[in-house]
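Okay, here's what each chain looks like letter by letter:
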Amino acid sequence: MLIQAKTRFFHGFSCGFLVAMSLIGLSRGQAADLQSPAVPIGDSVDTLRFKDIRFLERELSEFGKQKAYVIICINRTCPLVQRYLPKLNRMSKKFSGAGVQFIGLNVSEDSISDIANHAIATTCDFPFVKDIDHNCVRALGVKRTPEAVVLDANFRLSYRGRIDNQYRIGGALPKPSSNDLESAISAVVAGDPVAVSETPVDGCLITVSPVAELKDQLNFTDDVATLMHQHCVECHRTGSEAPFALTNYEDVAAHGEMIAEVVRDRRMPPWYASSEDKHFINHRGLSRDERETILQWVKEGMQRGEAKEFDEPAPIQTWSLGKPDKIIRAAESHNIPTDGYVPYKYSLLPYVFLHDTWLDAIQIVSDNPRVLHHCNLLAIPLGKKLSDAYFITGKVPGSQPLTIDSEVGILIPRGTALALQIHYTTTGQPEKCRISLGLNYAGGLINKQFRHLLVKNTTFSIPPGDGNHRVSKSETLDTQTTGLGLFTHMHLRGKDMIFLAHYPDGSSERLLTIPNYNFDWQMGYRWTPNSRQFPANTRFECIAHFDNSEFNPFNPDAEATVIEGQQTYHEMMYGFYFYTRDNEQLNLQINPKNGRVIR
């Protein structure tokens, strides 16, 4: 569940786009149901707090000092919401230089991932936000979607009502005769009173979801233990990078409220692809019934039930596939300071491949997993610079070694050295860490080489303050391929990435959407073996957006123009497509003792 993960492809490479959040603030004296009297125009609204797409609690003031804040109640189902979003996006752009912040407040049961995906699908540049408990709805006195609210610079309620009178339930005018929202924004920006501060609203009534029917009182033994073992202990056990174990009642009860929070937010188990992308073999997630079971158990006081001993999962082993055929240890240990940001470290491993070598498994291990954010394994041809290195695989907490299917091998060419790109994190005390690499030689028949296509853009420039900067790139493969999986890599300003396949017949297919990318959870997405074939001359395209705004909680500098670079205060736009060539029949016999071709 609480796996800490970063950048690697196979099983658990551990990113977004918009600001999907839950505004949770309450206005003074506001009643606790949606039918309470509306907040009077002119009243100040107390601090609006929210959770962004990274599940962090934030405040409306973190958008920076604005002349006006425009909050639109939205969801994914109301037809008027969908019809008005293009107009709202144009309006947001029109007022972007006038100190006006637009925010889409999702008031439905949509997940944060669904909300982020909604913004991508509707090409909205302004942030979408989520009111998880409808506290913002109560605070603002709104009743319908797409009802709009305008707050002035001091968070006084200046307008509440419709966007305009063009679209109505069951019909529409050719054009509006009353541009109510736009007129209200213009007045607030100019410091003038709003001529018409409240208007009637058509649309869908905001509905508070019914409380799930409670089961009989739950207990850990009968209702929760199995869920923990199915979804959590893969990483939450002794010897893993997870911050605590969840292998028994005492472990789980000690962290019950935290577990409830991450389950309620659908933050855990970690899965950063769109909810529509469930076709990947490594998909993680809890069903609604499973979520409600955990939440009810915590709410009822976390009863244990009949005492029972459960099979304790085995501690994480250093070499999960058994002792490797070849172990290469970094020549140095790195010292990690007590706090602060640690720039990337690079280690050239003390080994050069004198022969072409075929592998079927690679594992990167750390002797101090708590401090390893992620580690990439790079191959460097002798005589070349580090900038000429190419990616092989990586390590993230909770991930498994890179393993290859039968008759497929990883080729390390003769005259190649290996290097590690390492990102450490601090723990509050001095730490040391040394990385080791384990290699398993392939043996027997190899017919296909494990390959990847890197779709990257290195020429972008992200302007200061731009909250939704688009960067794209595409590459074409001239041979028919079988896809193994996809992986994306960006840095701290990355918001989302979409993978598309454009076929020779002119059709296109969306392969993957990562709507709320998170640098700490760079995950790989694997297809079932032999389930995805792509014809020759398929063009693979990656489209990404970057948030260089002040509101991005991890933005190193919102006033900087950001270019491509290796450090995390730079940016990257890398999309990986892993594949084999369908027409490749190498027919190589490999010596399992050294990974070399048998002559």
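Residues numbered from 1 in each chain as written. Predicted model: local features only at pLDDT ≥ 70, side-chain atom pairs only at ≥ 80, totals over all residues. Heavy atoms only, no water.

Glancing now at the overall build of the chain. Each helix and strand counted, the chain has eight helices and 36 strands in total. A compact globule built from 599 residues should have a C-alpha radius of gyration of about 25 Å, and the chain, at 26 Å, falls within 12% of that. Seen through its C-alpha atoms, the chain measures out along the principal axes to roughly 85 × 60 × 45 Å. The 599 residues of the chain split such that 55% are buried. Of the roughly 25500 Å² of accessible surface on the chain, a fraction of 48% belongs to carbon and sulfur atoms. (Helix = DSSP H or I, 4+ residues; strand = E, 2+ residues; numbered from the N terminus. Rg over C-alpha atoms; globule rule 2.2 N^0.38 Å. Buried < 20%, exposed > 50% of the residue type's maximum accessible area, 1.4 Å probe, protein only. Areas by Shrake-Rupley, 256 points an atom, 1.4 Å probe, with all protein chains shown as cover.)

Whenever strands of a sheet pair, they do so through backbone hydrogen bonds, lying parallel or antiparallel. Pairing within the open sheet is mixed, and its five strands lie in the order β5-β4-β3-β7-β8. Edge positions in the sheet fall to β5 (128–130) and β8 (157–161), since each of these pairs with one other strand and no more. If you compare each strand with its neighbour and ignore which way they point, the axes differ by 25° on average. Sheet analysis places strand β7 (residues 148–152) next to β8, joined by four bridges and oriented antiparallel. Bridge pairing in β8 links V150 to Y159. Relative to strand β3 (residues 68–74), helix α1 (residues 79–94) is tilted by about 165°, and along the sheet it contacts β3, β4 (100–106) and β5. (Pairing = 2+ DSSP bridges. Axes fitted to C-alpha atoms, helices over the stretch in contact; angles between N-to-C directions. Contact = heavy atoms within 4.5 Å.)

Tallied over the full model, the rule gives zero disulfides. With no disulfide of its own, C136 lies 8.8 Å from the sulfur of C73, the closest cysteine sulfur. (Disulfide = S-S within 2.5 Å.)

Right, let's talk about the side chain of D164 for a bit. Mapping D164 onto the fold places it in the loop between β8 and β9 (167–168). Polar contacts involving the side chain of D164 include one to the side chain of Y84, which spans 2.4 Å. Separated by 2.9 Å, the side chain of D164 and the backbone nitrogen of Q166 make a polar contact. With near-sequence residues (within four places) excluded, D164 lies in contact with Y84, K87, P176, S178, N179 and D180. (Polar contact = N/O pair within 3.5 Å; in protein donor to acceptor, adjacent residues only side chain to side chain.)

On to the sheet that holds strand β14 (residues 345–353). Taken in spatial order, the four strands make up an open sheet running β14-β20-β16-β17, and their pairing is antiparallel. At either margin of the open sheet sits one strand with a lone partner, and together these are β14 and β17 (390–395). In this sheet, neighbouring strand axes are inclined to one another by 25° on average, regardless of whether the strands run parallel or antiparallel.

On to the pairing of β3. Of all seven residues in β3, seven are buried; the element is thus mostly enclosed. Burial along β3 is two-sided: the face carrying A68, V70, I72 and I74 and the face carrying Y69, I71 and C73 are both buried. Here β3 pairs with β7 via five bridges, running antiparallel. If you follow Y69 over to β7, its bridge partner there is L151. Looking at chain direction, β3 and β4 are connected through seven bridges and run parallel. Counterpart to I74 in the pairing with β4 is N106.

A few words now on the environment of E62. In this structure, E62 sits in the loop between β2 (57–59) and β3. Through-space distance from the C-alpha of E62 to that of Y574 is 29 Å; in sequence the pair is 512 residues apart. Sequence-distant contacts of E62, that is, excluding residues within four places in its chain, are made with E550 and F551. At 2.8 Å, the side chain of E62 and the backbone nitrogen of E59 are in polar contact.

Residues spaced three or four apart along an α-helix point in a common direction, a consequence of the helix completing one turn every 3.6 residues. Taken together, the buried positions of helix α7 (residues 256–264) are occupied by G256, I259, A260, V262 and V263. Buried positions along α7 lie against α5 (220–231), α6 (249–254) and α8 (288–299). Among the residues trailing α7, R266 stands out with phi positive, at a value near 60°.

Here we take up the pairing of β4. Across the seven residues of β4, seven count as buried, placing the element largely inside the fold. Covered by surrounding structure in β4 are V100, F102, G104 and N106 together with Q101, I103 and L105, the residues of both alternating faces. Handedness of the β-α-β unit built from β3, α1 and β4 comes out right-handed. Bridge analysis of β4 against β5 gives three bridges, and the strand direction is parallel. (Right-handed = clockwise from strand over helix to strand, strands pointing away.)

It is worth spelling out the pattern of salt bridges at this point. This structure, assessed with the given rule, holds 24 salt bridges. For the salt bridge of R168 with D202, the shortest nitrogen-to-oxygen distance reads 2.3 Å. Placement of R168 in strand β9 and of D202 in the loop between α4 (180–190) and β11 (204–205) is noted, with a sequence separation of 34 residues between them. Three or more residues joined by partner-sharing salt bridges are found here, namely K51, E261, D265 and R267. (Salt bridge = Lys/Arg side-chain N within 4 Å of Asp/Glu carboxyl O.)

Burial analysis of helix α2 (residues 112–121) places nine of its ten residues in the buried class, the great majority of the element. I112, S113, D114, I115, A116, N117, H118, A119 and I120 are the residues of α2 that are buried. Tucked into the core, α2 has its buried residues touching α1, β4, β5, β29 (494–502) and β30 (508–514). T123 occupies a position one or two residues after α2 and carries a positive phi of about 55°.

Our focus in this paragraph is the packing of aromatic side chains. All chains considered together, the criterion is met by 27 aromatic pairs. Measuring from ring centre to ring centre gives 5.9 Å for F280 and W527, while their planes differ by 25°; the resulting arrangement is stacked. On the criterion of sequence distance, the pair formed by F280 in the loop between α7 and α8 and W527 in the loop between β31 (524–526) and β32 (533–534) is long-range, its members being 247 residues apart. With centroids separated by 5.0 Å and ring planes inclined at 85°, the aromatic side chains of Y351 and F353 adopt a geometry described as edge-to-face. The class of Y351 is partly exposed, set by a relative accessible area of 26%. (Phe/Tyr/Trp six-rings, centres within 6.5 Å; stacked < 30°, edge-to-face > 60°.)

Let us now look at empty space enclosed by the protein. Of the voids in this model, the second largest cavity is the one considered here, and its volume is about 50 Å³. Considering the residues around the second largest cavity, the lining is formed by W319, L321, G322, P324, A361, I362, Q363, P401, G438, L439 and N440. For the lining of the second largest cavity, the secondary-structure elements that each account for two or more residues are β15 (357–366) and β22 (435–441). Per-class residue counts for the lining of the second largest cavity are seven nonpolar, four polar and no charged. (1 Å grid on protein atoms, 1.4 Å probe; cavity = no way out; pocket = protein on both sides within 12 Å on 5 of 7 lines; lining within 4 Å. Points joined across faces, edges and corners; volume = space filled by probe spheres on them. Nonpolar A, V, L, I, M, F, W, Y, C, P; charged D, E, K, R; others polar.)

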